[in-house]
Amino acid sequence: MAGLTEHPVLGITDIKEESNENKATDKVVREEEGEKEMALIAGNSIHRSGSRPQLDLSGAAIQGNFEEKDPTILLPNQSDDISHLALDIGGSLIKLVYFSRHADRSSHDKRKMSIKERLGLLNGNRRSYPILGGRLHFVKFETNKINECLDFISSKQLHRGGMDSRSWHPEAPANENALIKATGGGAYKFADLFKERLGVSLDKEDEMDCLVAGANFLLKAIRHEAFTHIEGRKEFVQIDHNDLFPYLLVNIGSGVSMIKVDGDGKFQRVSGTNVGGGTYWGLGKLLTKCKSFDELLELSQRGDNRTIDMLVGDIYGGMDYNKIGLSASTIASSFGKAISENKELEDYRPEDISLSLLRMISYNIGQIAYLNALRFGLKRIFFGGFFIRGHAYTMDTISFAVHFWSKGDAQAMFLRHEGFLGALGAFMSYEKHGLDDLMVHQLVERFPMGAPYIGGKIHGPPLGDLNEKISWMEKFVQKGTEITAPVPMAPPGTTGLGGFEVPSSKGHSLRSDASALNVGVLHLVPTLEVFPILADSKTYEPNTIDLADHSELEYWFTVLSEHLPDLVDKAVASEGGTDDAKRRGDAFARAFSAHLARLMEEPTAYGKLGLANLLELREECLREFQFVDAYRSIKQRENEASLAVLPDLLMELDSMSEETRLLTLIEGVLAANIFDWGSRACVDLYHKGTIIEIYRMSRKKMQRPWRVDDFDTFKGRMLGSGDKMPHPHKRALLFVDNSGADIVLGMLPLARELLRRGTEVVLVANSLPALNDVTAMELPDIVAEAAKHCDILRRAAEAGGLLVDAMINIQDGSKEKPPSVPLMVVENGCGSPCIDLRQVSSELAAAAKDADLIILEGMGRALHTNFNARFKCDALKLAMVKNQRLAEKLIKGNIYDCVCRYEPSS
Ligand SMILES: Nc1ncnc2c1ncn2[C@@H]1O[C@H](COP(=O)(O)OP(=O)(O)O)[C@@H](O)[C@H]1O
Ligand SMILES: CC(C)(COP(=O)(O)O)[C@@H](O)C(=O)NCCC(=O)O
Ligand SMILES: [Mn+2]
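Note that the coordinates shown come from a computational prediction; the quantities given were computed from them, not determined experimentally. (Residues numbered from 1 in each chain as written. Chains lettered and ligands numbered in written order. Predicted model: local features only at pLDDT ≥ 70, side-chain atom pairs only at ≥ 80, totals over all residues. Heavy atoms only, no water.)

Asker: If you had to explain the overall build of the chain to someone new, which residues and values would you point to?
Answerer: A tally of regular secondary structure across the chain gives 30 helices and 25 strands. Intrachain contacts of the chain at a sequence separation of at least 6 include 75% that bridge at least 24 residues. Summed over all atoms, the accessible surface of the chain reaches about 34500 Å², with 51% contributed by carbon and sulfur. (Helix = DSSP H or I, 4+ residues; strand = E, 2+ residues; numbered from the N terminus. Contact = heavy atoms within 4.5 Å. Areas by Shrake-Rupley, 256 points an atom, 1.4 Å probe, with all protein chains shown as cover.)

Asker: Before we move on, can you summarise the packing of aromatic side chains with the specific residues and values?
Answerer: Enumeration according to the criterion identifies 27 aromatic pairs in this entry. Centroid distance Tyr 316 to Tyr 321: 4.8 Å. Interplanar angle 25°. Geometry classified as stacked. By relative accessible area, Tyr 316 is classed as partly exposed at 36%. Since its relative accessible area comes to 26%, Tyr 321 is described here as partly exposed. Summarising the aromatic geometry, the rings of Tyr 631 and Trp 677 are spaced 6.2 Å apart at their centres and angled 45° between planes, so their arrangement reads as tilted. Taken as a pair, Tyr 631 in the loop between helix H19 (611-624) and helix H20 (632-654) and Trp 677 in the loop between helix H21 (658-672) and helix H22 (680-686) lie far apart in primary sequence, 46 residues in all. Looking at Tyr 631, the relative accessible area reads 1%, which means it is buried. Given the relative accessible area of 5%, Trp 677 is considered buried. Among the aromatic residues, those joined into a ring-pair cluster are Phe 227, Phe 236, Phe 383 and Phe 414. (Phe/Tyr/Trp six-rings, centres within 6.5 Å; stacked < 30°, edge-to-face > 60°. Buried < 20%, exposed > 50% of the residue type's maximum accessible area, 1.4 Å probe, protein only.)

Asker: Give a detailed account of the coordination of the manganese ion (ligand 3), specifying residues and quantitative values.
Answerer: Taken together, Asp 737 (OD), Asn 738 (OD1) and Asp 773 (OD) make up the full set of protein donors to the manganese ion (ligand 3), lying 2.0 to 2.1 Å away. On the primary sequence, the residues serving as donors to the manganese ion (ligand 3) are separated as D-N-x34-D. Across the pair, exposure class does not vary: Asp 737 and Asn 738 are buried alike. (Donors = N, O, S within 2.8 Å, 3.2 Å for Na, K, Ca; no water.)

Asker: For the site of ligand 1, give the residues involved together with the corresponding values.
Answerer: As a matter of local geometry, ligand 1 sits amid 15 residues, with Ser 92, Lys 95, Ser 254, Gly 277 and Phe 386 nearest to it. Contact distances for ligand 1 include 2.9 Å between an oxygen atom and a backbone N or O atom of Ser 92. Take Phe 386: an N or O atom from its main chain is 2.9 Å from an oxygen atom of ligand 1. Put simply, the parts of the chain that give the shell around ligand 1 at least two residues each are strand E4 (93-101) and helix H8 (277-288). Broken down by element, the shell around ligand 1 gets its largest block of residues, 3 residues, from H8. (Near = heavy atom within 4 Å. Polar contact = N/O pair within 3.5 Å; in protein donor to acceptor, adjacent residues only side chain to side chain.)

Asker: Break down the site of ligand 2 for me, with residues and values.
Answerer: With respect to spatial proximity, 16 residues lie near ligand 2, and among them Asp 676, Gly 860, His 864, Lys 882 and Asn 883 are the closest. Arg 680 is positioned with one of its backbone polar atoms (N or O) 2.8 Å from an oxygen atom of ligand 2. Measuring from an oxygen atom of ligand 2, one finds a backbone N or O atom of Met 859 at 2.8 Å. Contributing elements (two or more residues each) for the shell around ligand 2: helix H17 (550-574) and helix H29 (859-864). If you tally residues by element for the shell around ligand 2, the top one is H29, at 3 residues. Split by residue class, the shell around ligand 2 holds 4 nonpolar, 8 polar and 4 charged. (Nonpolar A, V, L, I, M, F, W, Y, C, P; charged D, E, K, R; others polar.)

Asker: Give me the sheet that holds strand E9 (residues 233-236): which residues, what numbers.
Answerer: Hydrogen bonds along the backbone pair up the strands of a sheet, which may run parallel or antiparallel. On the basis of which strands lie adjacent, the open sheet formed by 7 strands has the order E9-E8-E16-E15-E10-E11-E12 and mixed pairing. Every other strand in the sheet has two partners, leaving E9 and strand E12 (266-273) as the edge strands with one partner each. Here the average twist between neighbouring strands, direction ignored, is 30°. Here strand E8 (residues 226-230) runs beside strand E16 (residues 411-415); their pairing, made up of 2 bridges, is antiparallel. Looking at E16, one finds that Phe 227 is bridged to Phe 414. (Pairing = 2+ DSSP bridges. Axes fitted to C-alpha atoms, helices over the stretch in contact; angles between N-to-C directions.)

What follows is the structure in structure tokens.
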């Protein structure tokens, strides 16, 4: 047996593997006994290290009788401090925007302090007043139910954290001078009621000022805010901040305002019309006896306006009026047919009336908007206000009118936060809350678990805990609630020349609250930054796979759905397999499936959708149900097994020539990237062999050339050619991926080689767990273990401040050795298997400034995202492709092919 240890790692025997595996199994059992405590520790550490906040963790439930059709959903989703609330009280609806602060989760652990010190981050605070992380919430109520709104504010104590008349004191209790920013006519009309019921005064802001401030904020700060909607197709528009003005803002509320916007605070109300949302709802109510706006809109989906509108063909005996370009199906006169027939109101279908009315009003507004755009030579028209309600037919009609009358010269665009412009503007008008110059990279939009479901009004007093949230999920499933699109997506070609065919609807029910369902909670993370060494951050797109292609979306939907049972198993086991964990696991699976189903139906429901978003959504969902680290024990087991063979591997590497070693190291990274618990194919593999067996098998397959093979160029940069030794890189950022062999036998040995060559190494790891990815919190311990067997790693880790505690007892002659370049660990700011480099932690951004080499490793970070990313410095992308379809699509290869893409800085 003793002889076995002499086998090199690349050919290690099965017997040794067995013993490792057994050890690992024992360990799992022991771990599960101590699970609860572990969970707490992990939970804490996440709070400390996570730059991206987690989803709202408090409860949500159906209020009252959940048998009713559109029950009110309570999504109280936060228990944080409320620091600001602003209102827009309109003729039809009250809009609320409020900000809830996160607890201060800034970390003081030693690793972070030392990294911060090293990167000069400790006293670089740019602001003189506090700006903390938090979330912006959007809620609306009907104005005639103002009491519900007051109850909501009061139950959540939204009015308590506001400003007093002098300055921002979030901790101060509500006082006599409490002021809440409010706009809209109701700010005047209901001022006394607010004083009486809540003891607060409304600080009135001009409505037009607010609309413009809100629109400008959204267009600048939210990435996928504006979109076009033409013939059923929604397309997000990337707005260039430097080329935003001038534009025409058309706010369709009860009435309509048209505002020419020339800059921040620079605008003029140039027109308006009294035929607006109130007209549609008011007339519609009288004519159809509908009880709610949504009911009216829903009716229109089944309507046929030809029964009531007078068409050109009706006048011209079925013929087109070609001379002036009007087809027979063009509406000549809305409701015109009603005059010529001997019919009463009852003889018309309410569905047809609603559609005719909707079309008439939308078209009219589109036309007037165009005329005003023409007056001022404006090409872009943004439409807001709750009349639009994300409704496909409304948007198509408006777009059609603008396109038709401008002959394609002007463009109609819509806003995801359509109805909240005024409320947001009022919110922005608070002085010195520090939110006015928010940048797009500081906002992360999250869709909580209720988002995919049909619901009534989204409001109510806060419920408390996770348990209530789970039962909310269970009730929805019991009820068999159908997930329907918020609005029917009209198939292409529903609009003709000036005339409209019957809109085709997918279902008969309309999602009842578009505002809360299409708009997520905006998480503000002031510490996020744009990765500074992107070659061009403006054109950077993280996703390689665009899910706009429906077959692509279907494929990934199936992959993620099929992976779900296994993931739930792991997640439940990670929480001790208790009944409570099982219940949470079920609820998680339901919530995630619901999100997937929702997105299948309307891929743009949560903004522009890429594969990275889906993978991140899955992790967010797990966290929402308090699965802090589903793969914890798997990660630990694989780390241990790999650390056990690391010394042998290092010895082998050291016996090689420089050139062979470099190749072996890159091979090692690629081979070890096979340990990916997110890949279906790999998980199947793991049932067939032990960790080391698979690792060895994977290495054996490393035949060059790889499918993408730039190794020789990379080698040229590293080792030079002939006698000339190239200068080493100054600092390398290694974006690491999975735990176990991937980090221990793949990336760490590569890091060691760079250190040996005099390059500083920054290991960049996730802030929060995702699948079996190694986190920044876990890495120092792994490095410490590895460093026990390696001088280079140990000295570098000490120099980088990584080994503060762990190495204290290890004494040897290292003091005589020359000081080493540092090895550091920084968190990347995310908790996903992919990475969006527009939003990284400030410590990563700081570390990146001196980097001249980036190594991105793994499928998530180097292929699904960033495959096409360009950097200001040298970049190496290393991954094994563990999915057949991706291999075919991206590299015209096969599953388990490898990518070694090297792109020197240009
Ligand atoms: N749930 C709803 N209840 C009433 N009206 C709604 C609803 N959803 C959308 N609407 C439409 O939105 C219009 C109000 O839009 P909004 O932008 O809130 O304007 P206002 O500030 O005038 O209330 C209504 O007149 C109606 O056409
Ligand atoms: C989630 C992942 C990107 C993680 O890959 P990694 O970055 O660890 O190499 C990958 O496992 C993946 O794309 N999985 C889904 C595809 C599949 O099951 O085939
Ligand atoms: Mn991974």
